[in-house]
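Structural overview for review
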Amino acid sequence: MWLNVRNNISNSNLNQLSARFVLALLGLLLLAIGCSSTTDGARKPATALPSEAGTSAAISRSSPLPDSRIAPTINSLRAMGYVKEIVAFGPRPIGSKNHQRLEEYILAHLKGDDVEEDRFVADTPAGKLPVRNIIAKYPGTKDGVILIAGHYDTNYPLRDTGYVGANDGGSSTAILLEFANQLRGKKRDGYSVWLVFADGEEAVKSWTDTDSVYGMRHLAERWQKDGTLKKIKALLLADMIGDQDLDILRDQNSTAWLEDLVFQAATKLGYQSHFFEKTAPMEDDHIPFVKLGVPSADLIDFEYGYGNVFWHTPQDTVDKLSPKSLQIVGDVILQTVWLLDAR
Ligand SMILES: [Zn+2]
């Protein structure tokens, strides 16, 4: 992925913060006025407050939300286990032996599932290289498809540096494998969900429109030609989602209403503080689908270590990741799917 305006991570937070502070003050003031202006004089004793608070909390917990259907939660320790196994293959750039081993590993985990492949040879600055998208399909009762995608290839220029891409490539592959566990063998009362193990996300030389997102460009074109694209209701993309200091940014190239829905899902699960503190335009695997009109949301943490220092360096290793982060993003994605089902 690439940030197309490098220093554009906006810090309007200060303004937001002061606005929130003023609102909070105003709220307190109104509360104070409300308390002091009780006309019946029946101010309740302070001792009644805790039980009152307890009751209202119990009521709000048990009262159904507008959409009370709760999505499953992922097994993040199992997902973390996948990251470790994937990283153990070593560097996994397109065209490499390790990449082939990972292809077999993914397919072995999807055994028995409905799997489609999109294989082709890409023209790259390093010559012709094989690219292989793997799509696992889980049918639903509702007409339409939700795509959840993530790339499994690792950085090409760093292929001889020992770079293993634990977060960048590893985390996205692992979360998709765990989603497959959650979706497999269950009746979906909603849209069909297709998991896209995208290949060739990374630039072979340096990031341009033609040297990046090889797999997803090919898939978007192919599905536009054969009519599949019309069935796709939304694309949820996960990239670099394992950082223990999780801070998913709000991507300006994604679809606003879908980003709002992701935030709604995060809020519903109490995870909103890990989402959308910062805003930036991301170039990533979703772009070919965005260009063709598919509502898309790129969930990416592009602050991997202070100032993104671990991104595209041999320091992108498992010790920087946390199962909790996989849990947060995994659960929010599934919750978003469930919210989409209900729309
Ligand atoms: Zn990368």
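Here is what the cut-offs are and how they apply
Throughout this document, residue positions are counted from 1 along each chain, in the order its sequence is written. With pLDDT at 70 or above as the cut-off, local features in this predicted model cover only qualifying residues; side-chain atom pairs require 80 or more to be listed or tallied, and sums for whole chains, interfaces and linings still use all residues. Each side-chain value is derived from all of the structure's non-hydrogen atoms; neither hydrogens nor water enter the calculation. Partly exposed residues are those whose accessible area sits between 20% and 50% of the maximum for their type, while under 20% is buried and over 50% is exposed, using a 1.4 Å probe and protein chains only. Each helix corresponds to a stretch of at least 4 residues labelled H or I by DSSP, and each strand to a stretch of at least 2 residues labelled E; elements are numbered beginning at the N terminus. For two strands to be treated as a pair, DSSP must find no fewer than two bridges joining them. By this rule the span expected of a helix is its residue count minus one, scaled by 1.5 Å. Note on definitions: a residue-residue contact is assigned when non-hydrogen atoms from the two residues lie within 4.5 Å. Scored from 0 to 100, pLDDT records how confident the predictor is in each individual residue. Here the term donor refers to an N, O or S atom within 2.8 Å of the metal (or 3.2 Å for Na, K and Ca), and because water is left out of the atoms, sites may appear incomplete. All geometry calls rest on donor angles, where a four-donor set with angles between 85 and 135 degrees is tetrahedral, four- and six-donor sets with opposite donors more than 155 degrees apart and all others between 65 and 115 are square planar and octahedral, and all else is irregular. Geometry is summarised by axes, namely lines fitted to C-alpha atoms with helices restricted to the contacting stretch, and by angles between N-to-C directions that run from 0 to 180 degrees. Roughly parallel refers to an angle under 35 degrees, roughly antiparallel to one over 145, roughly perpendicular to one between 65 and 115, and oblique to any angle outside these ranges. Crossing handedness follows the turn of the near helix against the far one: under a right angle anticlockwise gives a left-handed crossing, and clockwise gives a right-handed one. Gly is placed with the polar residues, together with every amino acid not listed as nonpolar (Ala, Val, Leu, Ile, Met, Phe, Trp, Tyr, Cys and Pro) or charged (Asp, Glu, Lys and Arg).

Counting buried positions over the 8 residues of strand β6 (residues 232–239) gives 7, a clear majority of the element. Looking at chain direction, strand β4 (residues 140–151) and β6 are connected through 5 bridges and run parallel. In the strand pairing of β6, Ile148 is matched with Leu236. As defined by bridge partners, β6 adjoins strand β10 (residues 296–300) across 5 bridges and the pair is classed as parallel.

A few words now on helix α4 (residues 97–109). With 13 residues, α4 extends 19 Å between its outermost C-alpha atoms, agreeing within 8% with the 18 Å of an ideal straight helix rising 1.5 Å per residue. All of the buried residues in α4 are Asn98, His99, Leu102, Glu103, Tyr105, Ile106 and Leu107. For α4, the secondary structure elements touched by its buried residues are α3 (76–87), β2 (114–124), β3 (127–138), α5 (166–183) and β5 (188–198).

A few words now on unusual backbone geometry. Phi at Val213 takes a positive value of approximately 35 degrees, unusual for a residue other than glycine. Within the element layout of this structure, Val213 appears in the loop between β5 and α6 (214–225). Positioned with a positive phi, Asn308 is a non-glycine residue whose angle comes to about 65 degrees. Structurally, Asn308 is set in the loop between β10 and α9 (323–341). Judged by its relative accessible area of 11%, Asn308 falls in the buried class.

Averaged over all residues, the pLDDT of the protein is 86; the fraction at 70 or higher stands at 81%. Note on residues 5–68: pLDDT is under 50 here. Beyond four places in sequence and across chains, it has 21 contacts.

Only Asp168 (OD), Glu202 (OE), Glu202 (OE) and His312 (NE2) from the protein reach the zinc ion as donors, at distances of 1.8 to 2.7 Å. If you look at the zinc ion, its 4 donor atoms make angles of 53 to 154 degrees with each other, and the shape they trace is irregular.

Running from amino to carboxyl end, α5 crosses α9 at an angle of 50 degrees, the nearest separation of the two axes being 11 Å. The orientation of α5 relative to α9 falls into the category oblique. The chirality of how α5 crosses α9 is right-handed. Here α5 contributes Ser171, Ile175, Phe179 and Gln182 to the contact with α9, which in turn contributes Leu326, Gly330, Ile333 and Leu334. Its residues assigned to classes, the contact of α5 with α9 shows 5 nonpolar, 3 polar and no charged.

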